[in-house]
Amino acid sequence: MSERLMNTSALPSFLVTRFNTDKIKVRDNNQVITIEPAEETEYRCPLRGIAKGSTLTVDNFLEMKHIEKELEEANDFRLRS
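Residues numbered from 1 in each chain as written. Predicted model: local features only at pLDDT ≥ 70, side-chain atom pairs only at ≥ 80, totals over all residues. Heavy atoms only, no water.

### So, the overall build of the protein
Thought 1: If you tally the helices and strands in the protein, you get two helices and three strands.
Thought 2: Counting helices and strands in the order they occur from the N terminus, the protein gives β-α-β-β-α.
Thought 3: Its C-alpha atoms give the protein a radius of gyration of 24 Å, clearly above 12 Å, the size a compact globule of 81 residues would have.
Thought 4: Based on the C-alpha atoms only, the size of the protein along its principal axes is roughly 65 × 40 × 25 Å. (Helix = DSSP H or I, 4+ residues; strand = E, 2+ residues; numbered from the N terminus. Rg over C-alpha atoms; globule rule 2.2 N^0.38 Å.)

Right, dumping it as structure tokens:
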């Protein structure tokens, strides 16, 4: 498998209109060519670091969700009866 980064000016015009970027990624894998837009900047999750400095851990979060689910089920049972 080979991969290369190219400029869209190397593509025919009907393909250029399909991409909203100037760079494309071209992959050749067993004589199958894949063309896809290339991300010019590294993706950064907007939620990353939202709990920085917090005491919230994954275990605490899962425990909170478990309790929340139990309360929702109890509420649903109360409403149905």
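Now that the structure is up, let's keep going.
### Structural notes on the sheet that holds strand β1 (residues 2-7)
Thought 1: Across the sheet, three strands lie side by side as β1-β2-β3; this open sheet has antiparallel pairing. Each of the sheet's edge strands pairs with one partner strand only, and the pair in question is β1 and β3 (32-37). Between one strand axis and the next, the sheet turns through 25 degrees on average, direction left out of account.
Thought 2: In terms of strand pairing, β1 meets strand β2 (residues 23-29) through six bridges, oriented antiparallel. Residue pairing for β2: Asn7 is matched across the bridge by Lys23. (Pairing = 2+ DSSP bridges. Axes fitted to C-alpha atoms, helices over the stretch in contact; angles between N-to-C directions.)

### Remarks on the pairing of β3
Thought 1: Relative to β3, β2 is paired through six bridges, and the arrangement is antiparallel. Bridge pairing links Asn29 to Val32 in β3.
Thought 2: Counting the residues in the hairpin turn of β2 and β3 gives two residues, including Asn30, whose phi is positive at 55 degrees.

### A word on the confidence of the model for the protein
Thought 1: Considering every residue of the protein, the mean pLDDT works out to 82; 94% of them sit at 70 or more.
Thought 2: Considering each helix and strand of the protein separately, the mean pLDDT is smallest for helix α1 (residues 13-16), with a value of 78, and largest for helix α2 (residues 58-80), with 92. (pLDDT = per-residue confidence, 0-100.)

### As for unusual backbone geometry
Thought 1: Although it is not a glycine, Asn30 adopts a positive phi angle of roughly 55 degrees.
Thought 2: Relative to the helices and strands, Asn30 resides in the loop between β2 and β3.
Thought 3: Even without being a glycine, Gln31 presents a positive backbone phi close to 65 degrees.
Thought 4: In this fold, Gln31 is placed in the loop between β2 and β3.
Thought 5: Classification of Gln31 by relative accessible area gives exposed; the value is 78%. (Buried < 20%, exposed > 50% of the residue type's maximum accessible area, 1.4 Å probe, protein only.)

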